[in-house]
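# Structural description and commentary
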Protein chains: 2
Amino acid sequence: MESEATKDDGIFLSCLKRLVGKVMDTACTAKKLGQDDPRRVVHSLKVGAALTLVSLLYYLKPLYDGFGTSAIWALMTVVVIFEYSVGATLGKGLNRGLATLLAGALGVGVHYVASLFGNIGEPIVIGSFVFLQAAISTFIRFFPRIKARFDYGFLIFILTFSMVSLSGFRENSIIEFAHKRLSTILVGGFTCVVICTCICPVWAGEDLHNLVALNIEKLGDFLEGFGNEYFRLSEDEDCNSEKSVLQAYKSVLTSKNTEEALVNFARWEPGHGKFRFRHPWKQYLIIGSATRECAYRIEALTGCLNSEIQAQVEIKSKMQEECMKMTSECSKALKELASAVKQMTKPSSAEPHIENSKNATNRLKSLIKSDLWKGTELLAVIPAATVASLLIDIVICTEKISNSVHELASLAHFKSAKPKVSPEEKTEGSELEIIELPSCEDCSSVVITVHESSDALPASANNRHMPL
Amino acid sequence: MESEATKDDGIFLSCLKRLVGKVMDTACTAKKLGQDDPRRVVHSLKVGAALTLVSLLYYLKPLYDGFGTSAIWALMTVVVIFEYSVGATLGKGLNRGLATLLAGALGVGVHYVASLFGNIGEPIVIGSFVFLQAAISTFIRFFPRIKARFDYGFLIFILTFSMVSLSGFRENSIIEFAHKRLSTILVGGFTCVVICTCICPVWAGEDLHNLVALNIEKLGDFLEGFGNEYFRLSEDEDCNSEKSVLQAYKSVLTSKNTEEALVNFARWEPGHGKFRFRHPWKQYLIIGSATRECAYRIEALTGCLNSEIQAQVEIKSKMQEECMKMTSECSKALKELASAVKQMTKPSSAEPHIENSKNATNRLKSLIKSDLWKGTELLAVIPAATVASLLIDIVICTEKISNSVHELASLAHFKSAKPKVSPEEKTEGSELEIIELPSCEDCSSVVITVHESSDALPASANNRHMPL
């Protein structure tokens, strides 16, 4: 008997251990979710607060006497339309409000028309209207444009229309019903929008803006790391942080849906922070698509990185200089573009790098033309040639990204960047950067800057022309 | 005066024309939407029918006496959970039903606990419970696994819990309230599920299955057309249907989200048609990811197709045979895989084509090794070398797709394909196909088949071994 009890204890203990393990796992996931984006915790608290606020309709006697059980619609509105970003909440709120108003009015109208048909005719007329509008509205929801922005509105339209016209069949106070539903929904919607917008708002537009900039930066990071990885320049092979940089671009490949959703939300948002109301959000889709195109080439490039067939070391070393130049200049250009997008300045500082990468492309081409390669077996050249060709493609893609960012800059009236020349750039691109500048005074300032920077002064490089 | 009237008429007419034009445009879009997928029209009618059926709760006096105004919940349930596919509807229905049950029970419990705290304590206790559960549930919705499958359930949980516990504060018949809400939701949910499943059901699983097969086929189509396009074999350059085949693969690049959504829906579905209940839906994600990897290479390949720098014609012609062989064999393999997935048969017929494409790869490599290329300028070789290298990658990707399809076939117990040898395949792969077959009797049947097929008998080729 005792041994059986011990056995039972053992089973119980192992179960308990497994349970504790699972709970710990979940707690870890929760902690990570919160740390990755603390706005999630704030959002959860905001939902709780909005719901508690709307509960006052129940707690306070005068309010409850006014709304009665209809207070439930306010509660429901809060739960259903409170979304993570302001744009999504506003979009759902406006959809719900307008659809309720319109469908309520139509429902009341149908109710009066139906009541003309007598006791037997009424349910038939109402029934056919409900059937027809449900079928038609459901079909309209398949239209891609409607689906993107007004899907929820049509859902609420079907719901409210059916509810109002059917309630009219059993209740006499149909106007009161429609009125109560509308006013409680407005109370709920208003609460949501105020709390969502005023307490630590999450702007879909800002998220989109940062996402697009981050994606461009990820490609820049990859290209920065690629040269070292491909030509085996870095000493320690198992450097994990390096590897993760080379993997980060993967998320760019599948970012299309996120970007589209964010654009749809952002279009509902009012002006906020650096963005005015009609910010050209759709241009971000064009930048995003150019970024993805570049990411596809990079994906093909990693195929070369991990391929069993590698080019001979001597061939690699022959083209190393120009390839490194191409990747590093593209990387710099992409990073400049990303930072220009982030800071909403004109991306002119990326241009010299793109020029440099194009020059490196031409030099690579003439290098390949030269007799340097004679006597090498062609099979050994192929992997290197593929890398070269993909890099040439990537230079073209980088220029495309640059063009789309320029278009965004002109559409959204980005301000001009302060001319800045950091010590590293001076040696490679300073003469091109001077060409960029508009007037003689600025030129002299930059020339002096260049001389100054050769003394390797630290930090505040971008303010160095100020003393003039 | 007359001229002004004419002018007004003119403006009116042009407005009318524009309006008519817009209406016609919309009608065209609607017609196209319906023609592209007639199930959309059926779905719209089904929603109308379900809503009309649930309206009977209002029309029929005995039913209305039972449910009263709670009939509204049934209406709402139908509008909200009736989704396009059975899986989505079932998922939402189960989420809604279970969440309502659980939250209703908890809400009643909290109501009783709160009532112990007296008149002043009660709203405070209820308020803090509502706040806490809303905040916690909202945070849980951020967990990726929960978001994928139980997002709607948690939404309804928050809603029902708040509604039931708050209603208890004002109404005494809280049990009746919870009971009515649950039973009307069950009526609405049941109506939805029955109509959605029984009348022309749209199965997410079937859609997923077909989508994955179609995506593989699109890659096959591209590779079939690519050879002709790259080596300019087709006569008419502006052949539009050819171009559209070369563009179709683009949708594969961004199919990830659709596939993931369909998998989540499909997992809710019961066994149907060819699929049993626990069909390995997740394996489709692996196939999809392998397919996308291949599509990324193809995207890079189109870069070569449209590049300004083209390989010299003579170089192209030197590698034409092997490249054509590689693309055509890969294309055949992919199409066999697609048709195997579609028909749920073992994809053994793809293997000889993969073998052939590997052999062609080896021949291409040795061709490149040979002295054939001597004296050619390397710059002219690079574009051709890139194409060759990408094609080699694509052969590897094709094998990966094949492996993932094989895994699906073994996980889902696909039946063996009937050995079929069509006249075209006989000349290229018949000896390999015979190797595939298990026993001597079958061999003889196929040998005879091969002989028969040389007489070019039409159609029912795959049944030709039956007479034995």
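On a predicted model such as this, the values are computed, not experimentally measured, just so you know.

## Brief notes about the nonpolar core
For soluble globular proteins, the rule of thumb is that nonpolar side chains tend to be buried together. Ranked by internal contacts, the top residues of the largest apolar core, which has 128 residues, are A:Ile216, A:Leu219, A:Ile401, B:Ile216, B:Leu219 and B:Ile401. With residues near it in sequence (within four places) discarded, A:Leu219 still touches A:Tyr249, A:Val252, A:Thr291, A:Cys294, A:Ala295, A:Ile298, A:Leu334 and A:Ile401.

## Some words on the relation of the copies chain A and chain B
Turning chain A through 180° and shifting it by 0.0 Å along the axis lays it on chain B, with an RMSD of 0.1 Å. The superposition operator between the copies reduces to a two-fold rotation axis. Relative to the rotation axis, the closest C-alpha in chain A is found at A:Thr386, a distance of 2.3 Å. Same-surface contact between copies: 100% of interface residues of chain A are shared with the interface of chain B.

## Here's the deal with the interface of chain A and chain B
With 75 residues of chain A at the contact, the number on the chain B side is 75 residues. For the pairing of chain A and chain B, the buried interface totals around 7200 Å² over both sides, and the portion due to carbon and sulfur atoms is 77%. Linking A:Glu299 and B:Arg297 is a salt bridge whose minimum nitrogen-to-oxygen distance equals 4.0 Å. Of all the elements, helix H2 (residues 39-59) of chain A adds the most residues to the side of chain A that touches chain B, at 13 residues. Residue composition of the side of chain A that touches chain B, by class: 45 nonpolar, 18 polar and 12 charged.

## Looking at the packing of aromatic side chains
With the rule as written, the count across this model stands at 22 aromatic pairs over all chains. Relative to A:Phe226, the ring of A:Phe222 lies with its centre 5.7 Å away and its plane at 25°, an arrangement referred to as stacked. Of this pair, A:Phe222 and A:Phe226 both sit in helix H9 (residues 204-230), 4 residues apart, which is roughly one turn of the helix. Judged by its relative accessible area of 0%, A:Phe222 falls in the buried class. For the ring pair B:Phe157 and B:Phe161, a centre distance of 6.2 Å and an interplane angle of 15° mean the geometry is stacked. Pair noted here: B:Phe157 and B:Phe161 are both in helix H7 (residues 144-170), with a separation of 4 residues, about one helical turn. No difference in accessibility class separates B:Phe157 from B:Phe161, as the two residues are buried. Three or more aromatic residues joined by ring pairs make a cluster, and in this case those are A:Tyr84, B:Phe139, B:Phe142 and B:Phe143. Here A:Lys92 stacks its cationic end above the ring of A:Tyr152, 4.8 Å away from the centre of that ring.

What counts and how
- Residues numbered from 1 in each chain as written.
- Chains lettered and ligands numbered in written order.
- Predicted model: local features only at pLDDT ≥ 70, side-chain atom pairs only at ≥ 80, totals over all residues.
- Heavy atoms only, no water.
- Core = buried A, V, L, I, M, F, W, Y, C linked by side-chain atoms within 4.5 Å.
- Buried < 20%, exposed > 50% of the residue type's maximum accessible area, 1.4 Å probe, protein only.
- Contact = heavy atoms within 4.5 Å.
- Least-squares fit on C-alpha atoms with pLDDT ≥ 70 in both.
- Buried area = accessible area lost by both parts, 1.4 Å probe.
- Salt bridge = Lys/Arg side-chain N within 4 Å of Asp/Glu carboxyl O.
- Helix = DSSP H or I, 4+ residues; strand = E, 2+ residues; numbered from the N terminus.
- Nonpolar A, V, L, I, M, F, W, Y, C, P; charged D, E, K, R; others polar.
- Phe/Tyr/Trp six-rings, centres within 6.5 Å; stacked < 30°, edge-to-face > 60°.
- Lys NZ or Arg CZ within 6 Å of the ring centre and 35° of its normal.

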